[in-house]
Amino acid sequence: AQILSARESLRTTVQTVLFDAASIYMNVLRDTAILNLQQNNVEVLEEQLRQVRDRFQVGEITRTDVAQSEARLAASRSQASLAEA
């Protein structure tokens, strides 16, 4: 009975280790995808800021619009840093 109990304990330990490894691997895949999305978002917002500044130069929009675009970019960079960490 002790041998059977030890075998089942070993089997449970093996299953736990395999599950933990699979879970960690999936977490790495998820976090990598999130990081890629955040980095892409930064690139998009940098382009939008460039366009907003161009529109400001020709007088289509106000300084407030530029400041809002800069704030969105700063927030996006912060999110990308958090994802990288």
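Values in this document were obtained by computation on a predicted structure and should not be read as measured data.

Cut-offs used in this document
Residues numbered from 1 in each chain as written. Predicted model: local features only at pLDDT ≥ 70, side-chain atom pairs only at ≥ 80, totals over all residues. Heavy atoms only, no water. Helix = DSSP H or I, 4+ residues; strand = E, 2+ residues; numbered from the N terminus. Rg over C-alpha atoms; globule rule 2.2 N^0.38 Å. Buried < 20%, exposed > 50% of the residue type's maximum accessible area, 1.4 Å probe, protein only. Areas by Shrake-Rupley, 256 points an atom, 1.4 Å probe, with all protein chains shown as cover. Lys, Arg positive; Asp, Glu negative; His and termini not counted. Charge placed at Lys NZ, Arg CZ, Asp CG, Glu CD. Expected span 1.5 Å × (residues − 1). Axes fitted to C-alpha atoms, helices over the stretch in contact; angles between N-to-C directions. Parallel < 35°, antiparallel > 145°, perpendicular 65-115°, else oblique. Left-handed = near helix turned anticlockwise from the far one by under 90°. Nonpolar A, V, L, I, M, F, W, Y, C, P; charged D, E, K, R; others polar. Contact = heavy atoms within 4.5 Å. Salt bridge = Lys/Arg side-chain N within 4 Å of Asp/Glu carboxyl O.

Looking now at the overall build of the protein. Along the backbone of the protein there are 2 helices and 0 strands. A compact globule built from 85 residues would reach a C-alpha radius of gyration of about 12 Å, whereas the protein, at 25 Å, exceeds it by more than 25%. Reported as C-alpha extents along the three principal axes, the dimensions of the protein are approximately 85 × 15 × 15 Å. Here the protein holds 85 residues, and 14% of them are scored as buried. Roughly 6,800 Å² of accessible area belongs to the protein as shown, and the carbon and sulfur atoms make up 57% of that amount. For the protein, the centre of its 9 positive side-chain charges and the centre of its 11 negative side-chain charges are spaced 4 Å apart.

What follows covers helix α1 (residues 2-57). Between its first and last C-alpha, α1 extends 82 Å over 56 residues, near the 82 Å set by a 1.5 Å rise per residue. Every buried residue belonging to α1 is among Leu35, Gln38, Val42, Leu45, Leu49 and Val52, and all of these are buried. The first or second residue beyond α1 is glycine 59, which carries a positive phi of 85 degrees.

Structurally, serine 23 can be placed in helix α1. Considering only alpha carbons, one finds serine 23 and phenylalanine 56, 33 residues apart in sequence, at a separation of 49 Å.

As a packed pair, α1 and helix α2 (residues 63-84) sit with axes 9 Å apart at the nearest point and diverge in direction by 165 degrees. Classed by the angle they form, the pair α1 and α2 counts as roughly antiparallel. As α1 runs across α2, the sense of the crossing is left-handed. Its residues assigned to classes, the contact of α1 with α2 shows 11 nonpolar, 6 polar and 8 charged.

Right, let's get into the side chain of serine 69. Mapped onto the secondary structure, serine 69 falls in helix α2. You can call serine 69 buried: its relative accessible area is 2%. With residues near it in sequence (within four places) discarded, serine 69 still touches Gln48, Leu49 and Val52.

Our focus in this paragraph is the pattern of salt bridges. Counting across every chain of the model gives 8 salt bridges. Between glutamate 70 and arginine 53 there is a salt bridge, with its nearest N and O atoms 2.9 Å apart. Here glutamate 70 is found in helix α2, whereas its partner arginine 53 is found in helix α1, with 17 residues between them in sequence. The class for glutamate 70 is partly exposed, based on a relative accessible area of 26%. Given a relative accessible area of 40%, arginine 53 falls into the partly exposed group. Within this structure, Glu47, Arg50 and Asp54 form a network of salt bridges that share partners.

Remember, this is a structural readout, not a statement about activity or role.
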